[in-house]
Amino acid sequence: MNPPLVGSVHTVTVRDLGSGGEGIAALGEAFTVFVPFALEGETVRIRVNHVRRNLVFADLLSVEVPSPLRVRPVCYRFGKCGGCDLMHLSYDAQLLAKHKALTVTLAKAGITAPVDPVVPSPEPLGYRNKLQLPFGIVEGRTVLGFFQEKTHRVVPIKKCFLHKEWAETLIAVTLEFVKEKGYTVYDERTGKGLLRHLVARMLQGALCVTLVVNGTPPKDLKQLHTALKERFDSVSLWVSVNRNRNNVIFGDPPVPVVYERQTVTEEGIALELHPLSFFQVNDGVRSLLTQAVSRAIPPSAPVIDAYSGVGLLGAVLAKNGHPIVNIEIVPEAIADAEKLYRDNGVAQNATHIAGDAAVELPKVLTELKASAVPPVIVLDPPRKGLDSAVVSTLNALTGSDLIYISCNPATLARDLNLLSAHYTVTRITPFDMFPMTKHVETLVLLCRK
């Protein structure tokens, strides 16, 4: 069979669901077809978008025979804004699909340990505590929205069903304010225009808002704070200047326009909100994940958090009596961790090290050799996974078990394979940190051979 022509229309039967939430079908015996928003078992009409060797990427035109698991998405923007991948699939089926995708990804890397059922989110909708929206111009109007999948075209939104009502209110108030002021919007083609992004975090009624601007911040931004205070009890407003022509949201570190001291309590730890503070986006699942980590660590065992950030997880463990060593390559995060531990009365249980985990881990383990209980190493790296130097360091160590928290099954599978000669995987538990999307958080326990 010759390759299908771009623009040609075909009818296919979906045989599987891919790790990205797309339907997988076949054209003849030679070509595999990927169809976003199509479900396993469905007969669908597609239009070929592009072809790469024996892979065909197509758009969904219509569902001729729907799956019994297909549901009506609650959001009219689904399929357009690029925020959700699986809102057309029943929630129970989403959990099964993520379990299967994770299992297949791990198996391809030779990891065959059984995978626990996916721990569901207490709230499948309205769970996100963070919002990041680019500004754009659509039909001459200033809008806030999401980038359409694989593009930089802003799809305007007024409401996102992954957030509670606070996000809808924030978007409306912000757009009304910038319209009144006549602020320009950043154009990445020319590098001109002021407004780039609106970033916000809502935790326990405290709203932390940051405007990212391409140039000198306007002097009347305090009026935006006043407008937000009419709708929210606690609001801090920050501004970050980003003149760089890249895809990174923040430029210069955010500085407060109007700062209200906002202290929230997470897992029994009091901490101040800051635009750069890291929190898992799903409060309910974060709590379940933290509890699972706590249960996996023997009583009184020392804990080394090799990618500690501001040290929130370690602070929870320190409060439970574990000696903690936080290692973080960003010095500012270590400074925040030191303050966090002092404020919560657990500074005596912690050591904070600003440095590379590959360099610092051997030193720390040498110091902890006399411990009655072997230390446990916690790894919670970014999406790119473990640095190769860290993997080499872990493989050279003796006596410590590992707890690996991953947000990317592909890099998790790679890293577990690289560690497999020296560690045995004893448990794999996925958590649905990101309902309605293709993403999954995974907790893996590894025992030193």
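Since the model is a prediction, treat every value here as computed from it, not as a measurement.

**Q** Help me understand the UniProt feature "active site" (unreviewed entry) in the protein chain, please; the structure alone is not making it clear to me.
**A** Cross-referencing UniProt, the feature "active site" (unreviewed entry) maps to Cys407 in the present numbering. Counting through the fold element by element, Cys407 comes out in the loop between β20 (401-406) and α9 (409-419). For Cys407, a relative accessible area of 19% translates into the label buried. Not counting residues within four places of it along the chain, the set of residues in contact with Cys407 comprises Arg383, Val440 and Glu441.

**Q** Sorry, what's going on with helix α3 (residues 222-229) here?
**A** Three or four residues apart is the spacing at which side chains of an α-helix point the same way, because the helix has 3.6 residues per turn. For α3, the complete set of buried residues consists of Leu224, His225 and Leu228. Along the long axis of α3, the arc covered by the buried residues comes to 100°, so they all point the same way. Looking at the packing, one finds that the buried side of α3 touches α2 (165-181), β11 (206-213), β12 (234-241) and β13 (255-258).

**Q** Just checking my understanding: could you explain the UniProt feature "domain: TRAM" (unreviewed entry) in the protein chain for this structure?
**A** In this structure's numbering, the residues bearing the UniProt feature "domain: TRAM" (unreviewed entry) are residues 3-62. Along residues 3-62, the helical share is 0% and the strand share 58%, with 22 Å between the first and last C-alpha atoms.

**Q** Looking at this structure, I do not really get the pattern of salt bridges. What am I missing?
**A** Two side chains carrying opposite charge are able to pair once their charged atoms lie near each other. Taken as a whole and judged by the stated rule, the model has 16 salt bridges. The partner of Lys339 in a salt bridge is Asp343, with the nearest N and O atoms 2.7 Å apart. With a gap of 4 residues between them, Lys339 and Asp343 both fall in helix α6 (residues 331-343), about one helical turn apart. A relative accessible area of 34% places Lys339 in the partly exposed class. Taking the relative accessible area as the measure of exposure, Asp343 reaches 47% and is therefore partly exposed.

**Q** I'm lost on the packing of aromatic side chains in this one. Help?
**A** Any two aromatic rings considered together are summarised by their centre-to-centre distance and by the angle between their planes. Applying the stated criterion across every chain, the model contains 4 aromatic pairs. Relative to Phe57, the ring of Phe34 lies with its centre 5.5 Å away and its plane at 20°, an arrangement referred to as stacked. Linking Phe34 in strand β4 (residues 31-35) with Phe57 in strand β6 (residues 55-65), this pair joins segments that are 23 residues apart in sequence. Considered together, Phe34 and Phe57 belong to a single accessibility category, that of buried residues. Taking 5.6 Å as the distance between ring centres and 75° as the angle between the ring planes, the aromatic pair formed by Trp238 and Tyr259 counts as edge-to-face. Here the residue Trp238 occupies a position in strand β12, and Tyr259 occupies one in the loop between β13 and β14 (263-266), the gap between them amounting to 21 residues. By relative accessible area, Trp238 is classed as buried at 6%. For Tyr259, a relative accessible area of 37% gives the class partly exposed. Sitting over the ring of Phe161, Lys159 keeps its end group 5.0 Å from the ring centre. When the ring centre of Tyr423 is taken as origin, the NZ or CZ atom of Arg448, which lies over that ring, is 4.8 Å away.

**Q** Help me understand the sheet that holds strand β22 (residues 441-448) in this model?
**A** In a beta sheet, neighbouring strands pair by backbone hydrogen bonds and run either parallel or antiparallel. Spatially, β18-β17-β16-β19-β20-β22-β21 is the arrangement adopted by the 7 strands of the open sheet, whose pairing is mixed. The sheet is open, and its two edges are formed by β18 (350-354) and β21 (423-431), each paired on a single side. Strand-to-strand, the axes of this sheet are offset by a mean angle of 15°, without reference to chain direction. The pairing of strand β16 (residues 303-305) with strand β17 (residues 324-328) spans 3 bridges and is classified as parallel. Residue Val303 lies in a different strand from β17, and its bridge partner there is Ile324. Against the sheet, helix α4 (residues 283-296) touches β20, β21 and β22, its axis set at about 5° to β22.

**Q** Explain the nonpolar core here, please?
**A** Nonpolar side chains tend toward joint burial in soluble globular proteins. With 82 residues, the main nonpolar core has Trp166, Leu170, Leu207, Val209, Ile403 and Leu443 as its most contacted residues. Considering each element in turn, this core owes the most residues, 7 residues, to α2. Setting aside anything within four residues of it in sequence, one finds Trp166 in contact with Arg128, Asn129, Lys130, Leu131, Ala200, Met202, Leu207 and Phe232. With 34 residues, the next largest nonpolar core counts Tyr307, Ile327, Ile377 and Ile428 among its residues.

The rules behind each value
Going along each chain's sequence as written, the residues are numbered from 1 onward. Only residues with pLDDT of at least 70 get local features here, since the model is predicted, and only at 80 or more are side-chain atom pairs given and counted; chain-wide, interface and lining totals rely on the full set of residues. With hydrogens and water excluded, all non-hydrogen atoms of the structure serve as input to the side-chain values. UniProt positions are given in the numbering used here, feature names are shortened, and annotations may be inferred rather than shown by experiment. Only runs of H or I of at least four residues qualify as helices and only runs of E of at least two qualify as strands under DSSP, and these elements are numbered from the N terminus. Buried residues are those whose accessible area, probed at 1.4 Å on protein chains only, stays under 20% of the maximum for their type, while exposed residues exceed 50% and partly exposed ones sit between those limits. Only heavy atoms matter for contacts: two residues are in contact if any of them lie within 4.5 Å across the pair. Within this analysis, the arc is defined by the directions that extend from the helix axis to the C-beta atoms. Just to be clear on terms, a salt bridge is a Lys or Arg side-chain nitrogen sitting within 4 Å of an Asp or Glu carboxyl oxygen. Only the six-membered ring of Trp is used, alongside the rings of Phe and Tyr, when aromatic pairs are assigned; centres must lie within 6.5 Å, and planes under 30 degrees apart are stacked while those over 60 apart are edge-to-face, with the rest tilted. When the NZ atom of lysine or the CZ atom of arginine is within 6 Å of a ring's centre and also within 35 degrees of its normal, the charge is said to sit over that ring. Two strands are said to pair when DSSP picks up at least two bridges between them. What counts as an axis is a line fitted to C-alpha atoms, over the stretch in contact for a helix, and the angles between N-to-C directions run from 0 to 180 degrees. Definition of nonpolar core: a set of buried residues of the types Ala, Val, Leu, Ile, Met, Phe, Trp, Tyr and Cys, connected through side-chain atoms within 4.5 Å.

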